[in-house]
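Remarks on the overall topology
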Amino acid sequence: MPFYSLPAAASPSAILGWEALSNVRTPRKSTHRCGTTPDPGGRNQSRDTAVRNDVSDRPLNHDGGKHTSNRCGKTTCLNTADSPERRGKTLQRYPPQADRRHGPSATRIPYTLRASPPASHGPSPTMTQLACSLPVMESVTLNNGIRMPLVGLGTFRIQGYSTIYSTLDAALGCGYRSIDTAAVYGNEADIGRALKELLPLHGLTRQDIFLTSKLAPRDHGEEAEDAARRSLQALGLDYLDLYLIHWPGKQGWKSDDQRNPESRRQSWEALEKLNSAGFLRSIGVSNYTEEHLKELLAVCQVRPAVLQVEYHPELAQWDLLRFCQSAGIHLQAYTSLGSGHLIQRQEVQAVAARCNRTASQVLLRWALQREVGVIPKSTNPERIIENFQLFDFELSLQDLEVLDALHCDKHYCWDPKGVV
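A quick note: this is a predicted structure, and the numbers were derived from the prediction, not measured. Note on numbering: residues in each chain are counted from 1, in written sequence order. Where totals are concerned, whole chains, interfaces and linings use all residues; where local detail is concerned, this predicted model gives features only for residues with pLDDT of at least 70, and gives and counts side-chain atom pairs only at 80 or more. The basis for every side-chain value is the complete set of non-hydrogen atoms in the structure, without hydrogens or water.

1. A short note on the sheet that holds strand β10 (residues 306-310)
Counted only if it meets this: One bridge is not enough; two strands pair if DSSP finds at least two bridges between them. A helix here means a DSSP run of H or I that spans at least four residues, while a strand means a run of E at least two residues long, and both kinds are numbered starting from the N terminus.
On the basis of which strands lie adjacent, the open sheet formed by eight strands has the order β5-β6-β7-β8-β9-β10-β11-β12 and parallel pairing. Strands with a single pairing partner mark the edges of an open sheet, and in this sheet they are β5 (153-154) and β12 (373-374). The sheet contact formed by strand β11 (residues 330-334) and β12 spans two bridges and is parallel. In the strand pairing of β12, Gln332 is matched with Gly373.

Here it is in C-alpha cells:
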C-alpha cells in the first residue's frame, strides 16, 4: 500500500459493534455465484466508509470442498463449484507431517511463463492463455518455501481499536488468514491487541496467520533494524511472516538524491540480519521498479520473496510482472480497484454482468488469474466476505482481453520511477 500520511480516524458510522457481526461468524454455504453490491476501494472512502481490496486462505478437504472454522471450532463448507476436482484436475496433497500452517493442504500448481516479452510491452498471447487455463490456488509458495495466502486483508487507513477489532473479527470469521499492515499506517499496536483477543475466539493460533508489516521510509538506512524491532514490539509478536521495505527512497530526501541507493542497501542488510535470526521469516520490497530490483539482486544475500506494487487493469505493469516471474519474486497488488474508479468503468461492469459477479470481484479475480496476490480492504462485514469469494468462478479469455485493454499506465498512488 502507499506510504503517505494517514487521514483522521474513521467516522463513527464505520465502527461496527459486536452484535453487527453475528451474521458472519459462522460462514454459510454459498448458494449463488453473484456477490453483493460493489463498494469503491483504494484510497477513497465511500458508503459506510468501507474500503475494498482482498481475499484470504481456506483449507481444502479431501473431496475438494473449501472449509473454514467458525468461532465454535466447527467446520463449515463454502462454495465448491469451482474446485479443481470438479474441473477434472488432480491435486497433490501434503503428508500430515508437512507444514500446513499457511494455506490449503493442496500443493500449488506450478505457474511459470517462459515466453519472451513481446515488442509491444503488453501481455503475450501465452501469458493470457495461461491466465485463463490454469487453476488458481488459494496460496502461493514463496522462493524460500514459505506458503502465503494469495488473498489478504489490507488495513491501510483503518484506524481506531473498535473498527480494527470488528474488521478483523469479520475477516477471520469468513476465512482470511493473511493481514497486511505497515509502520506508517499507525495501527500495528491495535492490530496486535485485537489478534491476541480474537485468535482464541476463532479457534486459531499465531501459526495460522500470515502477518505482513513494512519499514517506514523515514527509517531507511541505519535505523532499519531498530524500526523492524519496533514493529514486532507494537504487534506483540516474536516474528513476522513478511517484512517489506515500503518505499525505495528515504523520507525527507529528494527522489534524485544520490544517497538513496546506499540507504536501500543498508536497509536490506538489516532485513537480512533479522531474517537470519528468525525474526522475519520472509523479506521483500514495495513500490520498487525493475531497476530497483536489479540493483538489489546484484548485491543481496537473501533474494526478495515479494514485491508489492500498485497493480490493476489500468496499470498492468506487464514487463515488471514478467521480470518478477523470471526472478522468482511473487508480485502482490494494492489498489486493485483503482481507488474505486475502475468499478465504474463500463467495460468492467460488462464483464461482471457476464460472470454474474460484482465489478470488484472481477477486478480482484483478474489479478489472481495472473497469480498476483491481492490485499483488498473493507470495514463492512458483507463486503469483507464478498472480497473473499474469488475462487468459485473464472474469467474467460475474452474477459481477460477486455480488462487487459484498459491498460494506460495510470497511477492512482505515487509513482516510484523517479527515485534513483
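2. Examining the nonpolar core
Formally: The set of buried Ala, Val, Leu, Ile, Met, Phe, Trp, Tyr and Cys residues whose side-chain atoms join them within 4.5 Å is what this entry labels a nonpolar core. Categorising residues by exposure relies on relative accessible area from a 1.4 Å probe, with only protein chains included: less than 20% of the type maximum marks a residue as buried, more than 50% marks it as exposed, and the intermediate range marks it as partly exposed. Residues are treated as being in contact if the distance between any of their heavy atoms lies within 4.5 Å.
Grouped together as the largest cluster of nonpolar side chains are 90 residues, with contacts concentrated most on Leu168, Leu293, Leu307, Tyr311, Trp366 and Leu395. Element by element, the count of residues in this core is highest for helix α2 (residues 161-174), at eight residues. With residues near it in sequence (within four places) discarded, Trp366 still touches Tyr311, His312, Pro313, Ala316, Trp318, Leu395, Leu400, Leu403 and Asp404. Grouped together as the second largest cluster of nonpolar side chains are five residues, Phe156, Ala182, Tyr185 and Ala216 included.

3. A short note on the layout of surface pockets
Test applied: The way it works is a 1 Å grid over only the protein atoms, where trapped points that fit a 1.4 Å probe form a cavity and open points with protein on both sides within 12 Å along at least five of seven lines form a pocket, and then any residue with an atom within 4 Å of a point lines it. Grid points are joined across faces, edges and corners, and a volume is the space filled by probe spheres set on the points. In this count, Pro and Cys sit with the nonpolar residues alongside Ala, Val, Leu, Ile, Met, Phe, Trp and Tyr, while Asp, Glu, Lys and Arg are called charged and the others, Gly among them, polar.
The space that makes up the second largest pocket amounts to roughly 380 Å³. Around the second largest pocket, the lining is made up of 23 residues, and of these Thr289, Glu290, Gln317, Leu320 and Lys417 lie nearest the centre. Contributing elements (two or more residues each) for the lining of the second largest pocket: α6 (290-299), β10 and α7 (318-327). Residue composition of the lining of the second largest pocket, grouped by class: nine nonpolar, seven polar and seven charged.

4. Here we look at the pairing of β10
Just so we agree on the cut-off: Think of it like this: strands point away, you trace from the first strand over the helix to the second, and a clockwise trace means the crossover is right-handed.
Of all five residues in β10, five are buried, a share of seventy percent or more. When strand β9 (residues 283-286) meets β10, the two strands line up parallel, connected through two bridges. Across the sheet, the residue bridging to Val285 is Leu307, located in β10. Each parallel crossover has a hand, and for β9 linked through α6 to β10 it is right-handed. Examined bridge by bridge, β10 and β11 share five bridges and lie parallel to one another.

5. Re the packing of helix α4 (residues 224-235) against helix α5 (residues 260-276)
Quick note on the threshold: An axis is simply a line fitted to the C-alpha atoms; with a helix, the fit covers only the stretch in contact. Between two such axes, the angle follows the N-to-C directions and lies from 0 to 180 degrees. Any angle between 65 and 115 degrees counts as roughly perpendicular, while under 35 counts as roughly parallel, over 145 as roughly antiparallel, and the rest as oblique. The crossing is said to be left-handed when, going from far helix to near helix, the turn is anticlockwise and less than a right angle, and right-handed when the turn is clockwise.
At their nearest, the axes of α4 and α5 sit 8 Å apart, and the two run at 50° to each other. On the basis of the axis angle, α4 is oblique to α5. Of the two possible hands of crossing, α4 and α5 adopt the one that is right-handed. The residues of α5 that touch α4, namely those facing Ala224, Glu225, Ala228 and Arg229, are Ser267, Ala270, Lys273 and Leu274. Partitioned by chemical class, the residues of the contact of α4 with α5 number four nonpolar, one polar and three charged.

6. Regarding the packing of aromatic side chains
Stated formally: Here a Phe, Tyr or Trp ring, Trp counted by its six-membered ring, pairs with any other such ring whose centre lies within 6.5 Å, and the pair is stacked when the planes are under 30 degrees apart, edge-to-face when over 60, and tilted otherwise. In our convention, an over-ring charge means Lys NZ or Arg CZ found within 6 Å of a ring centre and within 35 degrees of that ring's normal.
Counting across every chain of the model gives six aromatic pairs. Judged by centre distance (5.0 Å) and plane angle (50°), the rings of Tyr176 and Phe388 are tilted. Of this pair, Tyr176 sits in the loop between α2 and β6 (178-180) while Phe388 sits in helix α10 (residues 381-388), placing them 212 residues apart in sequence. The exposure class assigned to Tyr176 is buried, which follows from its relative accessible area of 2%. On the basis of relative accessibility, which here comes to 2%, the residue Phe388 falls in the buried class. Pairing Trp318 with Trp366 gives two aromatic rings, centres 6.2 Å apart and planes at 75°, and the pair type is edge-to-face. Of the two residues, Trp318 sits in helix α7 while Trp366 sits in helix α9 (residues 359-368), which places them 48 residues apart along the sequence. By way of ring pairs, the aromatic residues Tyr311, Trp318 and Trp366 are connected into one cluster. The ring centre of Tyr161 lies 3.6 Å from the NZ or CZ of Arg193, which sits over that ring.

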